[in-house]
Amino acid sequence: MTQPSTPDANTTSPDDRLSRFRLDSYSSEQLYRQLYRALRAAILSGDFSEGEAIPSENQLRDQFGIARTTVRNAMALLVSEGLVQQVRGRGTIVSHRPISHNIWNFGSFTELARRQGQRPVTRVLEHRVENGELLLVRARGLANDETVSWLNVDTSQLDLALYPGIETNDFAAQSLYEVLRRDYDRHPLRSELLLTVVPPSERLREVFGPAPHVPGYLCASGDVLDADDRLVERTSIVYSPAVQMKFATRWGRDTAPA
């Protein structure tokens, strides 16, 4: 395991906000990707705020005892993901803008991403039949060059009596809602969801990356229904800290506050 090098008179002290992270030179994961994940976690957990400069190449090199090329490769991933921008005379600045999601537009992640000109990525975490249902758990994200920003982990429970044979589909490559419409003439229209906070788990930490200062994750769970109020699926979606939820309310004349 690499250890921070001892700073000399020309270096600055290590940044305490990064002291919890360690890079492992014996890991199969390349050092620049380990550094990228550490910096990403620090930004998403709020250790570095919007508009603030993160440590320089020299500071990161000295703090983690790594080559400058390693630092530059990690920075390139952060830039490509849109978490930072490099500003002449100021250094590398946090430019993180949380990804917005409107709860009233709840629907197909794949279709929404494509409409916005983005490339959706799905990773299947569980796919098994249990008690007459298909239990499908997927991590959903957006691809940017070689990196993926994982935004949510969603769980779908689907009645096999309604959807015979649905378990044979590859949902890493296909949209669930596209399959429901195309093969079963079931058209999701609305959802009835309960918002709660769920504690961190090993699975969520593995998908979203380390975020020690996040006490819990926002979770929307409930039923998805069609136009005839028939159940389409039972679902649960856990959102990354990178996702910002938007809510809207409308006051009627009889309900407007005095």
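Above this note sits the structure.
Report on the accompanying structure. All figures in this text were calculated on a predicted structure; none of them were measured in a lab.

## Some remarks on the overall build of the protein
And step 1. Broken down by element type, the protein carries six helices and ten strands.
And step 2. In the protein, once contacts between residues fewer than 6 apart in sequence are set aside, the share between residues at least 24 apart is 58%.
And step 3. In the structure as shown, the protein presents an accessible area of about 14,300 Å², 48% of it carried by carbon and sulfur atoms.

## Let's talk about the pairing of strand S6 (residues 147-159)
And step 1. Alignment of strand S5 (residues 133-144) against S6, held across twelve bridges, turns out to be antiparallel. In the strand pairing of S6, Arg 138 is matched with Asp 154.
And step 2. Alignment of S6 against strand S9 (residues 231-239), held across six bridges, turns out to be antiparallel. Within the sheet, the bridge partner assigned to Gln 157 lies in S9 and is Arg 234.

## A short note on the nonpolar core
And step 1. In terms of nonpolar packing, the biggest core is built from 26 residues, with Leu 18, Phe 21, Leu 35, Phe 48, Leu 60, Phe 64 and Leu 78 touching the most fellow members.
And step 2. Taken together, the elements giving at least two residues each to this core come down to helix H1 (31-44), helix H2 (57-64) and helix H3 (68-81).
And step 3. When sequence neighbours within four positions are dropped, the list of residues in contact with Leu 78 reads Tyr 36, Leu 39, Arg 40, Leu 83 and Val 84.
And step 4. In terms of nonpolar packing, the next biggest core, distinct from the first, is built from 13 residues, Leu 134, Leu 136, Ile 166 and Phe 171 among them.

## Quick word on the packing of H2 against H3
And step 1. For the pair H2 and H3, interaxial distance at closest approach is 9 Å and the crossing angle is 120 degrees. Regarding H2 and H3, the two cross each other, and that crossing is right-handed. Residue-level contacts link Glu 57, Asn 58, Leu 60 and Arg 61 of H2 to Arg 68, Val 71, Arg 72 and Met 75 of H3.
And step 2. Partitioned by chemical class, the residues of the contact of H2 with H3 number three nonpolar, one polar and four charged.

## Brief notes about H2
And step 1. Residues of H2 that are buried include every one of Leu 60, Asp 62, Gln 63 and Phe 64, and no others.
And step 2. Structurally, H2 contributes buried residues whose contacts are with H1 and H3.

## Some thoughts on the packing of aromatic side chains
And step 1. With the rule as written, the count across this model stands at two aromatic pairs.
And step 2. The interplanar angle of 80 degrees and the centroid separation of 5.3 Å between the aromatic rings of Tyr 163 and Tyr 184 together place this pair among those described as edge-to-face. Within this pair, whereas Tyr 163 is found in the loop between S6 and helix H5 (176-184), its partner Tyr 184 is found in helix H5, the two being separated by 21 residues in sequence.
And step 3. Measuring from ring centre to ring centre gives 5.4 Å for Phe 208 and Tyr 217, while their planes differ by 45 degrees; the resulting arrangement is tilted. There is no split in this pair, since Phe 208 and Tyr 217 are both buried.

## Here's the deal with unusual backbone geometry
And step 1. Non-glycine residue Asn 131 carries a positive phi angle of around 55 degrees.
And step 2. Its location among the elements puts Asn 131 in the loop between strand S4 (119-130) and S5.
And step 3. Given a relative accessible area of 75%, Asn 131 falls into the exposed group.
And step 4. The backbone of Asp 185 shows a phi angle near 50 degrees, a positive value even though the residue is not glycine.
And step 5. Tracing the chain through its elements places Asp 185 in the loop between H5 and strand S7 (190-198).

## Quick word on the pairing of S5
Look at any regular strand and the pattern is simple: side chains alternate between the two faces of the sheet.
And step 1. Along S5, eleven of the twelve residues are buried, which leaves the element largely enclosed by surrounding structure.
And step 2. Pairing of S4 with S5, which is carried by eleven bridges, proceeds in the antiparallel orientation. What sits directly across from Pro 120, in S5, is Leu 142.
And step 3. Between the end of S4 and the start of S5, which pair antiparallel, lie two residues, with Asn 131 showing a positive phi angle near 55 degrees.

## A few points about the environment of Val 198
And step 1. Tracing the sequence through the fold places Val 198 in strand S7.
And step 2. Each C-alpha atom, one on Val 198 and one on Cys 219, is 6.4 Å from the other, the two residues being 21 residues apart in sequence.

## Description of the packing of H1 against H3
And step 1. Close contact between H1 and H3 brings their axes to 8 Å; oriented N to C, the two are set at 50 degrees. With respect to H3, the axis of H1 lies oblique. Of the two possible hands of crossing, H1 and H3 adopt the one that is right-handed. Between H1 and H3, the residues in contact are Leu 31, Tyr 32, Arg 33, Leu 35, Tyr 36, Leu 39 and Arg 40 and Thr 70, Val 71, Asn 73, Ala 74, Leu 77, Leu 78 and Glu 81, respectively.
And step 2. Classifying every residue of the contact of H1 with H3 by side-chain character gives nine nonpolar, two polar and three charged.

Cut-offs and rules
- Residues numbered from 1 in each chain as written.
- Predicted model: local features only at pLDDT ≥ 70, side-chain atom pairs only at ≥ 80, totals over all residues.
- Heavy atoms only, no water.
- Helix = DSSP H or I, 4+ residues; strand = E, 2+ residues; numbered from the N terminus.
- Contact = heavy atoms within 4.5 Å.
- Areas by Shrake-Rupley, 256 points an atom, 1.4 Å probe, with all protein chains shown as cover.
- Pairing = 2+ DSSP bridges.
- Core = buried A, V, L, I, M, F, W, Y, C linked by side-chain atoms within 4.5 Å.
- Buried < 20%, exposed > 50% of the residue type's maximum accessible area, 1.4 Å probe, protein only.
- Axes fitted to C-alpha atoms, helices over the stretch in contact; angles between N-to-C directions.
- Left-handed = near helix turned anticlockwise from the far one by under 90°.
- Nonpolar A, V, L, I, M, F, W, Y, C, P; charged D, E, K, R; others polar.
- Phe/Tyr/Trp six-rings, centres within 6.5 Å; stacked < 30°, edge-to-face > 60°.
- Parallel < 35°, antiparallel > 145°, perpendicular 65-115°, else oblique.

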